Amino acid sequence: MFSNSNFSKPFLFVLLWTAHTAVFSSPGTRDSLESALAQATDTSRVLLLNELAYKYLAYQPKTAKAFADESLILARRLEFLAGEAAALNRLGDFLLSHR
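Below or above, wherever it landed, is the structure these notes cover.

Calculation criteria
- Residues numbered from 1 in each chain as written.
- Predicted model: local features only at pLDDT ≥ 70, side-chain atom pairs only at ≥ 80, totals over all residues.
- Heavy atoms only, no water.
- Helix = DSSP H or I, 4+ residues; strand = E, 2+ residues; numbered from the N terminus.
- Expected span 1.5 Å × (residues − 1).
- Buried < 20%, exposed > 50% of the residue type's maximum accessible area, 1.4 Å probe, protein only.
- Arc of directions from axis to C-beta.
- Contact = heavy atoms within 4.5 Å.

Looking now at the environment of Ala58. Here Ala58 lies in the loop between helix 3 (42-56) and helix 4 (61-78). Spatially, the C-alpha atoms of Ala58 and Phe94 are 9.2 Å apart, while their sequence positions differ by 36 residues.

Let us look at helix 5 (residues 81-97). In this model helix 5 runs 24 Å from its N-terminal to its C-terminal C-alpha over 17 residues, within 8% of the 24 Å that 1.5 Å per residue would give. Along helix 5, the residues that are buried comprise Gly83, Glu84, Ala87, Leu91 and Phe94. Down the axis of helix 5, the smallest arc covering the buried residues is 100°, so these residues share one side. In helix 5, the exposed positions that point more than 90 degrees away from the buried face belong to Leu81, Ala82 and Leu96. Against the buried residues of helix 5 lie helix 3 and helix 4.

Excluding glycine, a negative phi dihedral is what most residues carry, and trans is how most peptide bonds are arranged. Look at Asp42: it is not a glycine, yet its phi comes out positive at around 50°. Take Asp42: it is sitting in helix 3. Overall, the relative accessible area of 44% leaves Asp42 in the partly exposed class. One non-glycine residue, Glu79, adopts positive backbone phi at about 55°. With respect to the element layout, Glu79 can be found in the loop between helix 4 and helix 5. On the basis of relative accessibility, which here comes to 68%, the residue Glu79 falls in the exposed class.

Below, the structure written as structure tokens:
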């Protein structure tokens, strides 16, 4: 439909970002992630912790940092480099928002 348009990529990005923000910033989504966290193990737990850290940053930054700290420890123990990088990014987000 938009494959030959220069307009399609930025439009699609904005559309997806808006949808992502609206859906994943809701308290219900955070609750769902926390419920999933109770069952998660290993790398899936790292990924969920990072996602929770991202979701909580604007509303409860100390909780976000706690999730990111736990994710970093677990990712390093599992030698899960992508999870470690994501946790470090979340911690960087926390530090940037609390200068």
